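The chain contents come next:
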Amino acid sequence: QVQLAESGGGLVQAGGSLRLSCAASGRTFSSYAMGWFRQAPGKEREFVGAINWSSTVAYYTDSVKGRFTISRDSAKNTVYLQMNSLKPEDTATYYCATNPRGGPFNTDFRQYSSWGQGTQVTVSS
């Protein structure tokens, strides 16, 4: 019942920045956490980070800590992933997803309920 739409991906040089957006529509719940995942061709889906909907707690995988920041704009019902100091290994399709549990600490994609279609991020060296 929740529809998610990612946007903001593109091609950027190493060291550059992108901001991804995840707009939610339909029936949403404040208790849901919002997660970001990424998947490169031929590789497994990887947890990037998550935030609870009240924006009081955020959690990130070690490889992006200090570079990526998750935030939200409640007025627009949108979650953002600000990506700075991008590296070629960040190249992937990025997805946002909902977790019916409120905490952001679940890194297993199978625990997330609704998914967007993804947005491609390509970082050149």
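Our structure's up above, just so we're on the same page.
Calculation criteria
- Residues numbered from 1 in each chain as written.
- Predicted model: local features only at pLDDT ≥ 70, side-chain atom pairs only at ≥ 80, totals over all residues.
- Heavy atoms only, no water.
- Helix = DSSP H or I, 4+ residues; strand = E, 2+ residues; numbered from the N terminus.
- Rg over C-alpha atoms; globule rule 2.2 N^0.38 Å.
- Buried < 20%, exposed > 50% of the residue type's maximum accessible area, 1.4 Å probe, protein only.
- Contact = heavy atoms within 4.5 Å.
- Areas by Shrake-Rupley, 256 points an atom, 1.4 Å probe, with all protein chains shown as cover.
- Lys, Arg positive; Asp, Glu negative; His and termini not counted.
- Charge placed at Lys NZ, Arg CZ, Asp CG, Glu CD.

> Give me the overall build of the protein: which residues, what numbers.
Check the secondary structure of the protein and you find zero helices and ten strands. Sequence-ordered secondary structure for the protein, helices as α and strands as β, is β-β-β-β-β-β-β-β-β-β. The globule rule puts the C-alpha radius of gyration for 125 residues at 14 Å, and the 13 Å found for the protein is close to it. With 125 residues in all, the protein has 42% of them scored as buried. Summarising the internal contacts of the protein: among those between residues at least 6 apart in sequence, 59% fall at separations of at least 24. Surface exposure of the protein reaches about 6400 Å², of which carbon and sulfur atoms provide 44%. Between the centroid of the 12 positive side chains of the protein and the centroid of its 8 negative side chains there is a distance of 6 Å.

> Can you break down the environment of Gly-10 residue by residue, with the values?
Within the fold, Gly-10 resides in strand E2 (residues 10–13). Measuring from C-alpha to C-alpha, the distance between Gly-10 and Val-123 comes to 8.4 Å, with 113 residues separating the pair along the chain. Apart from the residues lying within four places of it in its own chain, the contact partners of Gly-10 are Leu-18, Gln-120, Val-121 and Thr-122.

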